[in-house]
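# Chain and residue survey
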Amino acid sequence: MDWIILVLAGLFEIGWAVGLKFTDGFTRPWPSVGTGIAMFISFGLLSVALKTLPLGTAYTVWTGIGAIGTVLVGIALFGESAAASRLACMGLIMAGIVGLKLVTPTGVQQPQTVAAEPEASNR
């Protein structure tokens, strides 16, 4: 379930990254609101996924999904280049994401908090 949450967080990252294009520097109210909501959801889902996934892996996967998705939306909606070199670079990012998923253990140990030691009484 943690990986599904992380993928959803990545999809919302695509949403806010693309939304930034439509905000016109946050001068257009509705695109700005939508972008802000997508940011909030994306970060919120990422924080939930971080409860069980390692930080480095989760963050890399999240940004990778956002990067690849944003490039694909740029190609589809904004006529950006779909040159073979760009697609090959996206393939390298995807290989890194899949590789991290494959080598990451299913659970993660949470940081240990150090309890305060009782002070020795002076007798």
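See the structure shown above.
Right, let's walk through the structure included here. A quick note: this is a predicted structure, and the numbers were derived from the prediction, not measured. (Residues numbered from 1 in each chain as written. Predicted model: local features only at pLDDT ≥ 70, side-chain atom pairs only at ≥ 80, totals over all residues. Heavy atoms only, no water.)

### A few points about the overall build of the chain
As a reminder of what qualifies: Counting from the N terminus, the helices are the DSSP runs of H or I reaching at least four residues and the strands are the DSSP runs of E reaching at least two. A 1.4 Å probe rolled over the protein chains alone gives each residue an accessible area, and that area as a share of the maximum for its type sets the label: buried under 20%, exposed over 50%, partly exposed in between. Note on contacts: a residue pair is in contact if any heavy atoms of the two residues lie within 4.5 Å. Reported accessibility uses the Shrake-Rupley method at a 1.4 Å probe radius. Residues are deemed covered only where the shown protein chains occlude them.
Counting its regular elements, the chain contains four helices and zero strands. Sequence-ordered secondary structure for the chain, helices as α and strands as β, is α-α-α-α. Taking all 123 residues of the chain together, the buried fraction comes to 27%. For the chain, long-range pairs separated by at least 24 residues make up 68% of all intrachain contacts whose partners lie at least 6 apart in sequence. Entry remark: accessible area of the chain is about 8,200 Å², with carbon and sulfur atoms responsible for 70%.

### Focus on unusual backbone geometry
At Asp24, a position not held by glycine, the phi torsion is positive, near 55°. Inspection of the secondary structure assignment puts Asp24 in the loop between helix H1 (2-23) and helix H2 (29-49). Located in the positive-phi region is Phe26, a residue other than glycine, with phi close to 60°. By the secondary structure assignment, Phe26 is in the loop between H1 and H2.

### Brief notes about the environment of Phe78
You can see Phe78 is positioned in helix H3 (residues 55-78). On the basis of relative accessible area, Phe78 is assigned to the partly exposed category, the value being 32%. Contacts of Phe78, omitting those with residues within four sequence positions, involve Val18, Lys21, Phe22 and Val73.

### Some words on the environment of Ala49
By the element assignment, Ala49 lies in helix H2. Put simply, Ala49 and Ile4 are 45 residues apart on the chain and 8.7 Å apart in space, counted from C-alpha to C-alpha. Setting aside residues up to four positions removed in sequence, Ala49 forms contacts with Asp2, Ile5 and Leu6.

### What about H1?
Inclusion rule: How far a helix is expected to stretch is found by multiplying one less than its residue total by 1.5 Å.
Here H1 contains 22 residues, and its C-alpha end-to-end distance of 31 Å stays within 8% of the 32 Å for a straight helix at 1.5 Å per residue. Buried-residue contacts for H1 involve H2, H3 and helix H4 (84-103). At the C-terminal side of H1, Asp24 shows a positive phi close to 55°.

### A look at a nonpolar patch on the surface
Short version of the rule: Only residues whose relative accessible area exceeds 30% and that form no salt bridge enter a patch; like-charged residues are grouped when within 9 Å of one another, and nonpolar side chains (Val, Leu, Ile, Met, Phe, Trp, Tyr) when within 5 Å. Put simply, a salt bridge is a Lys or Arg side-chain nitrogen that is within 4 Å of an Asp or Glu carboxyl oxygen.
On the surface, Met1, Ile4, Val7, Leu8, Leu11 and Phe12 cluster together into a nonpolar patch covering about 570 Å² of accessible area. Within the element layout of this structure, Leu8 appears in helix H1.

### Considering the packing of aromatic side chains
Applicable threshold: Aromatic contacts are taken between Phe, Tyr and Trp rings whose centres are within 6.5 Å, Trp giving its six-membered ring; a plane angle under 30 degrees counts as stacked, one over 60 as edge-to-face, and the others as tilted. For a Lys NZ or an Arg CZ to count as sitting over a ring, it must be within 6 Å of the ring centre and within 35 degrees of the ring normal.
This model, assessed by the stated rule, comprises four aromatic pairs. Between Trp16 and Phe43, the aromatic rings sit 6.3 Å apart at their centres with planes inclined by 25°, giving stacked as the arrangement. Of this pair, Trp16 sits in helix H1 while Phe43 sits in helix H2, and the two are 27 residues apart along the sequence. Among the residues examined, Trp16 registers a relative accessible area of 15% and is labelled buried. Ring plane angle 50° and centroid distance 5.5 Å describe the contact between Phe43 and Trp62, whose orientation is recorded as tilted. Of the two residues, Phe43 is situated in helix H2 and Trp62 in helix H3; the sequence distance between them amounts to 19 residues. Clustering of aromatic rings is evident, with ring pairs tying together Trp16, Phe43, Tyr59 and Trp62. Sitting over the face of the ring of Phe78, Lys21 holds its NZ or CZ atom 5.5 Å from the ring centroid.

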